[in-house]
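# Breakdown of the fold
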Amino acid sequence: MTRNGRTMFLRIFRCCPVAVAGLVLASPALAHEQAGVGGGLMSGLLHPLTGIDHLIAMVAVGIWGAQLGAPAIWVLPITFPLVMGLGGVLGVLRVPLPVPEVMVALSAFVLGIAVAMRLRLPFVSAAAIVAVFAVFHGHAHGSELPGSADPLAFGVGFVASTGLLHLCGIAIGRLTRWPAGERLIQGLGAGIALLGGYFLAQSLGAVA
Amino acid sequence: MNMTFRRGSIAAAMLLAQANSADAHIVGARLGDFYAGALHPLTNLQDLILWGAMGLLAGSHGAAKGRWLVVVFPLGLLAGLMLGRSFGIVSTAPTADAAMTLVLGLLLASAIRMPIAQLCALAFALAAIRGAANATDLGPETDRALFAAGLTCAGYVVITLIMALALAFRGTETTASITWRQITLRAFGGWIAAIGLMMVGFGLAS
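Residues numbered from 1 in each chain as written. Chains lettered and ligands numbered in written order. Predicted model: local features only at pLDDT ≥ 70, side-chain atom pairs only at ≥ 80, totals over all residues.

Moving on to the overall build of chain A. When you go through chain A residue by residue, the secondary structure sums to eight helices and zero strands. Of the regular secondary structure in chain A, the N- to C-terminal order runs α-α-α-α-α-α-α-α. Among the 208 residues that make up chain A, the fraction classed as buried is 45%. Relative to all contacts within chain A whose residues are 6 or more apart in sequence, the contacts with residues 24 or more apart total 88%. (Helix = DSSP H or I, 4+ residues; strand = E, 2+ residues; numbered from the N terminus. Buried ≥ 20, exposed ≤ 12 C-beta atoms within 10 Å, placed from the backbone. Contact = placed C-beta atoms within 7 Å.)

Turning to the overall build of chain B, a few remarks are in order. Within chain B, the regular secondary structure consists of nine helices and zero strands. From first element to last, N terminus to C terminus, chain B shows the α and β order α-α-α-α-α-α-α-α-α. Once local pairs closer than 6 in sequence are excluded, the contacts in chain B between residues at least 24 apart make up 90%.

This paragraph deals with the confidence of the model for chain B. Parts of the prediction with low pLDDT should not have their coordinates interpreted in detail. Confidence in the prediction of chain B, expressed as mean pLDDT, is 86, and 89% of residues score 70 or more. As a predicted assembly, this complex carries a pTM of 0.79 together with an ipTM value of 0.77. (pLDDT = per-residue confidence, 0-100.)

The next thing to look at is the interface of chain A and chain B. Across the boundary between the two partners, chain A contributes 25 residues, which contact 19 residues of chain B. Of all elements in the fold, only α4 (72-92) and α7 (151-173) of chain A reach the threshold of two or more residues within the side of chain A that touches chain B. A breakdown of the residues in the side of chain A that touches chain B according to their chemical character gives 19 nonpolar, six polar and no charged. (Nonpolar A, V, L, I, M, F, W, Y, C, P; charged D, E, K, R; others polar.)

Residues and elements named next belong to chain A. Summarising the element assignment, Ala-140 is placed in helix α6 (residues 123-142). Ala-140 sits in the buried class, given 24 other C-beta atoms within 10 Å. Along the backbone, Ala-140 and Val-92 are 48 residues apart, and their C-alpha atoms lie at a distance of 9.4 Å. For Ala-140, the residues in contact, after removing those within four places along its chain, are Gly-91, Pro-100 and Val-104.

A word on helix α3 (residues 52-68) of chain A. Between its first and last C-alpha, α3(A) extends 24 Å over 17 residues, near the 24 Å set by a 1.5 Å rise per residue. The first or second residue beyond α3(A) is Gly69(A), which carries a positive phi of 75°. (Expected span 1.5 Å × (residues − 1).)

Let us now look at helix α6 (residues 94-110) of chain B. Residues and elements named next belong to chain B. With 17 residues, α6 should cover 24 Å at 1.5 Å per step; its first-to-last C-alpha distance of 24 Å lies within 8% of that length. Along α6, the residues that are buried comprise Asp-97, Ala-98, Met-100, Thr-101, Leu-102, Leu-104, Gly-105, Leu-107, Leu-108 and Ala-109. Taken from the residues just after α6, Ala-111 is the one with a positive phi, measuring 55°.

With omega at 0°, the peptide bond leading from Ala70(A) into Pro71(A) counts as cis. For Pro71(A), the location among the structural elements is in the loop between α3 and α4. You will see that Ala111(B), though not glycine, has its phi angle at about 55°, which is positive. In this fold, Ala111(B) is placed in the loop between α6 and α7 (116-133).

Residue and element names in this part refer to chain B. As for its placement among the helices and strands, Ile-162 is situated in helix α8 (residues 144-170). Between the C-alpha atom of Ile-162 and that of Asn-20, which follows or precedes it by 142 residues, the distance is 40 Å. When neighbours within four sequence positions are excluded, Ile-162 is seen to be in contact with Gly-52, Gly-55, Leu-56 and Gly-59.

In this section: the packing of helix α5 (residues 69-87) of chain B against α7(B). Residues and elements named next belong to chain B. Contact pair α5 / α7: the axes reach a minimum separation of 6 Å and the direction vectors enclose 35°. Every pair of crossing elements has a handedness; the one defined by α5 and α7 is right-handed. Of the residues in α7, those touching α5 at Leu-69, Val-72, Phe-73, Gly-76, Leu-77, Leu-78, Ala-79, Gly-80, Leu-81, Leu-83 and Gly-84 are Cys-120, Ala-123, Phe-124, Ala-127, Ala-128, Ile-129, Arg-130, Gly-131 and Ala-132. Of the residues belonging to the contact of α5 with α7, the class tally is 15 nonpolar, four polar and one charged. (Axes fitted to C-alpha atoms, helices over the stretch in contact; angles between N-to-C directions. Left-handed = near helix turned anticlockwise from the far one by under 90°.)

Below you can see the structure in the form of structure tokens.
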């Protein structure tokens, strides 16, 4: 054996106890464990984020609220979760709603147009539109709740996640203070409407 | 150098020889039941939500009204624990817990001003119910006094801290206008109410 070979052998030999100890002491990583409170919370937090149609609609709600100003900007974050909770109860109780996927996609489309066109509806009309869509979004989340790892943690997760998406939308909507920001937001609204239109066409079977 | 090394070695050997066990883990000194009582509610999401909601509600009412809960809430936990143990009430129905969450959330979201007596009665009732529910961990070998002390201390710490946080966040009501801080607290109420509402539905469905 050459000198280099012996050195290499010694190095490998010295590493062996560490490797053996590592193997013996190894425990499963459980990195993708969706169990218990942690699993329920994680799936609840991710549920509104992983559906793009849900995500853009919730952000659009926040932006539109910011565009409408008071009282919409402060009534929205207080009442929306409650109305969504009503939809969630319908989902938990397995009460069927007509064409839920179409309505979720339609919500992104309509809210995107409202943002893009700076639609200034009376507060009651705007609240009624948002409330109808909130019920359908809540229904979609609520129907997943009974099958989750921990229903309470799932509920906490998706309510918090939805509320934070609204907050993002309101924060983006504050750009309306500047003319360039206003144009940017209208462009964003148009993008949301386009995506919503795509999801709407997809849910109606018009595109694959 | 050698002399210094020798002296150092002797000093180290003497220190090692005189070392005693640290007894840092006083669980073995019969204080484990105290920690069991303190940690039992903190490892339960239902307790965390309800206690948190109660602390936020008390904080939203201001220091003058909220400070009563620093005493009332831990006493309610203690009373509930004792009643739960005496009458064999081991846990509340999930729907009842969810309904309490809904009520607390609605009270916080609507920003209804409650009189001190009502606020204290609500806090006492909630604490008593949760205290009774926490009696489930009382085994025959559990030191009840230590468990009760732990639970009461946890209640005192949690309610005081959350109330203080809410008070500091909310600030003083210098103007009649609605500030974004108050809206944030009320939005939390909306979240809590929504969770309670869905859990009521879940309780009815299951």
